[in-house]
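Examination of the molecular architecture
So you can see what is in the structure, the chains are spelled out below.
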Amino acid sequence: MIICNCNRLTEQELLDAIAAGVPDSMRAIEHCGGIPRCCGCLSRIDKMMKDAPKEEPSEELYHEVR
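Only a predicted model underlies this, so the values are computations on that prediction, with no experimental measurement involved.

Digging into the environment of Ala20
The residue Ala20 is located in the loop between helix H1 (11-19) and helix H2 (25-31) in this model. Looking at Ala20, the relative accessible area reads 53%, which means it is exposed. Along the backbone, Ala20 and His31 are eleven residues apart, and their C-alpha atoms lie at a distance of 9.2 Å.

Some thoughts on the pattern of salt bridges
Under the definition given, this model contains two salt bridges. Between Lys47 and Asp51 there is a salt bridge whose closest N-O contact spans 2.6 Å. With Lys47 and Asp51 both in helix H3 (residues 42-51) and four residues apart, this pair spans about one turn of that helix.

Some points on the environment of Ile45
Inspection of the secondary structure puts Ile45 in helix H3. For Ile45, a relative accessible area of 0% translates into the label buried. In the structure, Ile45 is positioned 21 residues away from Asp24 in sequence and 8.4 Å away in space, judged by C-alpha atoms. When neighbours within four sequence positions are excluded, Ile45 is seen to be in contact with Ile3, Leu14, Ile18, Ser25, Ala28 and Ile29.

Focus: the layout of surface pockets
Within this model, the largest pocket holds a volume of roughly 220 Å³. It is H1 that contributes the most residues to the lining of the largest pocket, three residues altogether. A class-by-class count of the residues in the lining of the largest pocket yields seven nonpolar, one polar and two charged.

Some details on H1
Within H1 the residues assigned to the buried category are Leu14, Ala17 and Ile18. The buried residues of H1 occupy an angular sector of 100 degrees when projected down its axis, which confines them to one face. Looking at the buried positions of H1, the neighbouring elements they touch are strand S1 (2-4), strand S2 (9-10), H2 and H3. Directly beyond the C-terminal end of H1, a positive phi value near 100 degrees is found at Gly21.

So, how was this worked out
- Residues numbered from 1 in each chain as written.
- Predicted model: local features only at pLDDT ≥ 70, side-chain atom pairs only at ≥ 80, totals over all residues.
- Heavy atoms only, no water.
- Helix = DSSP H or I, 4+ residues; strand = E, 2+ residues; numbered from the N terminus.
- Buried < 20%, exposed > 50% of the residue type's maximum accessible area, 1.4 Å probe, protein only.
- Salt bridge = Lys/Arg side-chain N within 4 Å of Asp/Glu carboxyl O.
- Contact = heavy atoms within 4.5 Å.
- 1 Å grid on protein atoms, 1.4 Å probe; cavity = no way out; pocket = protein on both sides within 12 Å on 5 of 7 lines; lining within 4 Å.
- Points joined across faces, edges and corners; volume = space filled by probe spheres on them.
- Nonpolar A, V, L, I, M, F, W, Y, C, P; charged D, E, K, R; others polar.
- Arc of directions from axis to C-beta.

Following this line, the structure appears as structure tokens:
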């Protein structure tokens, strides 16, 4: 499904950007190669970010940090 009409960005492209750790909706569009234009999709992307599952750091990562 297209979420950003201006850049023809799909839900999956934006979910991939969110999973990559982008900090906000504008950066999600840029991560996908788009340029924020009308910004009509930002609230939808913000909701996608809020609803995205939060990943816990892996046990391996925890040991690397120590």
